[in-house]
Amino acid sequence: MYDRTYNFSAGPATMPVEVLEEIRDEMLNYRGSGMCVMEMSHRSKVFQEIYDNAEADLRKLMNIPDNYKVLFIQGGATLQFSMIPMNLMKNGVADYIVTGSWSKKAFTEAKKFGDVKCIATSEDRNYSYIPDVTDLPIRDNADYVYICENETIHGTTYQTLPNTKGKILVSDQSSMFLSKPCNVSDYGVIYGGVQKNIGPAGMAVVIIREDLIREDLDPKTPVYLRYDTHAGAGSMYNTPNCWAIYVCGKVFKYLLDRGGLEAMNQRNVEKAKVLYDFLDSSKMFKGTVDKEVRSLMNVPFVTESKDLDAEVVAYTKKAGFDNLKGHKSVGGLRASIYNAMPKEGVVALVECLKKFEAERG
Ligand SMILES: *Cc1c(COP(=O)(O)O)cnc(C)c1O
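Residues numbered from 1 in each chain as written. Predicted model: local features only at pLDDT ≥ 70, side-chain atom pairs only at ≥ 80, totals over all residues. Heavy atoms only, no water.

1. Description of the site of the ligand
Phase 1 of the analysis: In the neighbourhood of the ligand, the contacting residues comprise Gly76, Ala77, Thr78, Phe81, Trp102, Cys148, Asn150, Thr152, Asp172, Ser174, Gln195 and Lys196.
Phase 2 of the analysis: Note that an oxygen atom of the ligand is positioned 2.9 Å from one of the side-chain N or O atoms of Gln195.
Phase 3 of the analysis: Across the complex, the protein chains shield 87% of the 380 Å² of accessible surface that the ligand would expose by itself.
Phase 4 of the analysis: The biggest single contributor to the shell around the ligand is helix α3 (residues 76-88), with 4 residues.
Phase 5 of the analysis: Taken together, the residues of the shell around the ligand sort by class into 4 nonpolar, 6 polar and 2 charged. (Near = heavy atom within 4 Å. Polar contact = N/O pair within 3.5 Å; in protein donor to acceptor, adjacent residues only side chain to side chain. Areas by Shrake-Rupley, 256 points an atom, 1.4 Å probe, with all protein chains shown as cover. Helix = DSSP H or I, 4+ residues; strand = E, 2+ residues; numbered from the N terminus. Nonpolar A, V, L, I, M, F, W, Y, C, P; charged D, E, K, R; others polar.)

Below you can see the structure in the form of structure tokens.
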């Protein structure tokens, strides 16, 4: 009824229509406050309530233990590439697993801050798999082990977490946040930009174990880049991204109302299966990563040629499916099918690809 397209963008990405409708209804006067959330003081009682509910609902969804802080920090996921080494490197040593563009970026940034080593990578086969992480050469004095748990561009995801040999695990979950249950106490830090699977761009959620929030940092560390600054001020050291917090809070509630993360996982497994089954049976299209590590969120695939890939992108766009072009570093096509993408969208996409294949095959 809104004439919306099926939007397969990797991020910013599609949002649940029900959430957008609620926001629309509250736009000019949020629940009798007489104003829109974007006009509100972040120090007001009404906004504090929005904030507290968002945090409480996220804690409920992920079952976050009390000894973890939840922080809402601006600068997206990218700022965390710097904040993590700046805040967590006590010994100045960290070990990274590089499985795609995003972990590589984080690794490259961290190198500025200390002795940072890549201890495993899948670069040799264009990041199409996850290396064996059961027995890694983790250094005794490593402050943490870093992973990107779901590589948004390459479309791989960890099936089991690395054996960190007692070291802290730091995970970038940007493109899989809230897509399935997560045992928070397996990690020291979980973080993600929210524009993939949750809300509007420009903010990261950081879930950090309290004892990792240090005060004895290099005194030159910019105040905004210290976790203790944000933790000590309830994520309101300065004006937070109020709008993103509000919208994320709505999505947290939406997910709780629909059965939480178990239910999401079940839906996501079913939904991805529709597309992967098609790719496995098609003669024209094929997936680009090893089957056992295929992402449920980002599905890259190719035809035999770049020209044909481009034709498919144009064909699908005309049929009402948007943003299927693969990332420029990989080419081909990519369907991002986050929580908010309905199964009908994936079914309809597969029908469209089948039709293309029948016409051209
Ligand atoms: C998108 C993405 C980022 C970068 O997020 P920004 O909010 O744009 O900084 C980092 N990591 C992963 C896994 C991503 O998908």
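We are not done yet, so read on.
2. Observations regarding the environment of Tyr224
Phase 1 of the analysis: If you trace the backbone, Tyr224 turns up in the loop between β10 (203-209) and α5 (227-232).
Phase 2 of the analysis: Linking Tyr224 and Tyr237, residues 13 residues apart in sequence, is a C-alpha distance of 8.1 Å.
Phase 3 of the analysis: Reaching out from Tyr224, the side chain makes a polar contact with the backbone nitrogen of Gln74 at a distance of 3.3 Å.

3. Remarks on the packing of α3 against helix α4 (residues 101-110)
Phase 1 of the analysis: Look at α3 against α4: their axes get within 9 Å of each other, and the N-to-C directions meet at 45°. The pairing of α3 with α4 is recorded here as oblique in orientation. Handedness of the α3/α4 crossing: right-handed. Contacts between α3 and α4 pair Phe81, Ser82 and Pro85 from the former with Trp102, Lys105, Ala106, Glu109 and Ala110 from the latter.
Phase 2 of the analysis: Here the contact of α3 with α4 is composed, by residue class, of 5 nonpolar, 1 polar and 2 charged. (Axes fitted to C-alpha atoms, helices over the stretch in contact; angles between N-to-C directions. Parallel < 35°, antiparallel > 145°, perpendicular 65-115°, else oblique. Left-handed = near helix turned anticlockwise from the far one by under 90°. Contact = heavy atoms within 4.5 Å.)

4. Concerning unusual backbone geometry
Phase 1 of the analysis: Going from Gly11 to Pro12, the amide bond is cis rather than trans, its omega being -10°.
Phase 2 of the analysis: With respect to the secondary-structure elements, Pro12 resides in the loop between β1 (6-7) and α1 (17-26).
Phase 3 of the analysis: Here Asn126, not a glycine, exhibits a phi torsion of approximately 50°, which is positive.
Phase 4 of the analysis: You can see Asn126 is positioned in the loop between β4 (115-121) and β5 (145-148).
Phase 5 of the analysis: Accessibility expressed as a relative area gives 48% for Asn126, which makes it partly exposed. (Buried < 20%, exposed > 50% of the residue type's maximum accessible area, 1.4 Å probe, protein only.)

5. Examining the side chain of Asn150
Phase 1 of the analysis: Locating Asn150 in the fold gives a position in strand β6 (residues 150-151).
Phase 2 of the analysis: On the basis of relative accessibility, which here comes to 2%, the residue Asn150 falls in the buried class.
Phase 3 of the analysis: Looking at Asn150, its side chain comes within polar contact range of the side chain of Ser175, at 2.8 Å.
Phase 4 of the analysis: Not counting chain neighbours up to four residues away, the residues in contact with Asn150 comprise Thr156, Thr157, Asp172, Ser175, Met176, Ser295, Met297 and Asn298.

6. A few points about the nonpolar core
Phase 1 of the analysis: Counting 55 residues, the largest nonpolar core has Phe47, Met62, Ile97, Leu178 and Ile207 as its most contacted members.
Phase 2 of the analysis: The next biggest cluster of nonpolar side chains, apart from the first, holds 31 residues, and it includes Leu88, Tyr127, Tyr144 and Leu212. (Core = buried A, V, L, I, M, F, W, Y, C linked by side-chain atoms within 4.5 Å.)

7. Some thoughts on the side chain of Ser128
Phase 1 of the analysis: One can find Ser128 in the loop between β4 and β5.
Phase 2 of the analysis: A relative accessible area of 9% means that Ser128 is categorised as buried.
Phase 3 of the analysis: At a separation of 2.8 Å, a polar atom in the side chain of Ser128 contacts the main-chain carbonyl oxygen of Arg125.
Phase 4 of the analysis: The residues contacting Ser128, other than those within four sequence positions of it, are Ser122, Thr156, Thr288, Val289, Asp290 and Val293.

8. Observations concerning the environment of Asp228
Phase 1 of the analysis: Secondary-structure assignment places Asp228 in helix α5.
Phase 2 of the analysis: In sequence terms Asp228 and Asn29 are 199 residues apart; their C-alpha atoms lie 35 Å from each other.
Phase 3 of the analysis: If we skip the residues at most four places from it in the chain, Asp228 touches Ile213, Arg214 and Glu215.
Phase 4 of the analysis: Within the structure, Asp228 has its side chain in polar contact with the side chain of Arg226 (distance 3.0 Å).

9. Considering empty space enclosed by the protein
Phase 1 of the analysis: All chains considered together, the criterion is met by 3 cavities of 30 Å³ or more.
Phase 2 of the analysis: Taken together, the residues that form the lining of the largest cavity break down as 9 nonpolar, 5 polar and 1 charged. (1 Å grid on protein atoms, 1.4 Å probe; cavity = no way out; pocket = protein on both sides within 12 Å on 5 of 7 lines; lining within 4 Å. Points joined across faces, edges and corners; volume = space filled by probe spheres on them.)

10. Considerations on the sheet that holds strand β11 (residues 286-287)
Phase 1 of the analysis: Read from one edge to the other, the open sheet built from 3 strands follows the order β11-β12-β14, with strand pairing classed as antiparallel. Of all strands in the sheet, those bounded by a partner on one side alone are β11 and β14 (333-336).
Phase 2 of the analysis: Across 2 bridges, the pairing between β11 and strand β12 (residues 298-302) is antiparallel. If you follow Lys286 over to β12, its bridge partner there is Val302.
Phase 3 of the analysis: Its contacts with the sheet place helix α7 (residues 260-281) against β11, β12 and β14, and it is angled at close to 15° to β12. (Pairing = 2+ DSSP bridges.)

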